[in-house]
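In case you want the letters, here they are:
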Amino acid sequence: VERGDVAGSEGLHAVPLDSRHFESKLESGEADLALGAFPGAPRGLRRQRLYFSSYLSVVRKGHPKLGRLRTSAGFRVAHHIIVTASDLGHAAHHVAQHALEGEIAPERVLLRLSSFIAAAIVASRTDGIATVPEHVAMHLAEPLGLATFRPSIPLPQFEIAQYWHERCQRDPG
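These numbers were taken from a predicted model, which means no experiment stands behind them.

A. Focus on the packing of helix α5 (residues 116–125) against helix α6 (residues 134–144). Running from N to C, α5 and α6 point in directions that differ by 35 degrees, and their axes come no closer than 11 Å. Crossing of α5 over α6 shows right-handed handedness. Listed contacts from α6 to Phe116, Ile117, Ala120, Ile121 and Ser124 of α5 are Val136, Leu140 and Leu144. The residue makeup of the contact of α5 with α6, split by class, is seven nonpolar, one polar and no charged.

The following block contains the structure:
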């Protein structure tokens with residue numbers, strides 16, 4: 001998150017931050033606050049945990065095998081929409097992506113995308129399963145007509161926190 005002038009007044013701008021380099025953006029003042037799951041965040045930054053989250057799987061409500069998808073065997077043989085981790089956004093997703101790919105045969109991967117929201121949209125229009133952060137699933141379930149369930153394979157919880165540089169510690173904003 002960065003602050004800046006918008007038509008002559010202070011404003012708040014959300015910008016993507018590369019998880020490998022967000023410390024330098026905070027240090028330089030290019031960004032004032034970083035929000036997200038950054039498991040390798042530098043120790044020199046100020047940090048506040050906001051919440052812990054986990055994953056849910058989503059499918060369209062009319063999925064013909066919805067009951068079976070909740071079982072371990074049914075989950076593994078279904079078609080999956082895999083969200084690929086990147087250094088932008090939810091960096092902690094690398095662990096979950098690796099766990100999913102370790103359980104799902106490559107031929108069961110319907111599609112790979114870089115966005116949790118795009119994966120949920122594709123799941124709403126196909127017979128594919130998307131496994132996304134719980135908050136994303138809960139916000140999109142009703143508008144997209146999705147059924148949600150806990151994946152039958154173990155996936156890690158992750159922490160969402162906010163980070164800022166020491167120079168902003170006394171900033172009332």
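The discussion continues.
B. Structural context of the sheet that holds strand β9 (residues 146–149). Strand order across the open sheet formed by five strands is β7-β6-β8-β5-β9, with mixed pairing between neighbours. Whereas interior strands pair on both sides, the edge strands pair on one side only; in this sheet they are β7 (109–113) and β9. The mean inter-strand angle of the sheet, taken between neighbouring strand axes irrespective of direction, is 30 degrees. One ladder, built from two bridges, connects strand β6 (residues 80–83) with strand β8 (residues 129–133); its direction is parallel. Across the sheet, histidine 80 pairs through a bridge with isoleucine 129, a residue of β8. The sheet contacts of α5 involve β5 (55–60), β6, β7, β8 and β9, and relative to β8 the element is tilted by about 150 degrees. Together, β5, β8 and β9 form the strand contacts of α6, whose direction differs from that of β8 by roughly 130 degrees.

The rules we used
Residues numbered from 1 in each chain as written. Predicted model: local features only at pLDDT ≥ 70, side-chain atom pairs only at ≥ 80, totals over all residues. Heavy atoms only, no water. Axes fitted to C-alpha atoms, helices over the stretch in contact; angles between N-to-C directions. Helix = DSSP H or I, 4+ residues; strand = E, 2+ residues; numbered from the N terminus. Left-handed = near helix turned anticlockwise from the far one by under 90°. Contact = heavy atoms within 4.5 Å. Nonpolar A, V, L, I, M, F, W, Y, C, P; charged D, E, K, R; others polar. Pairing = 2+ DSSP bridges.

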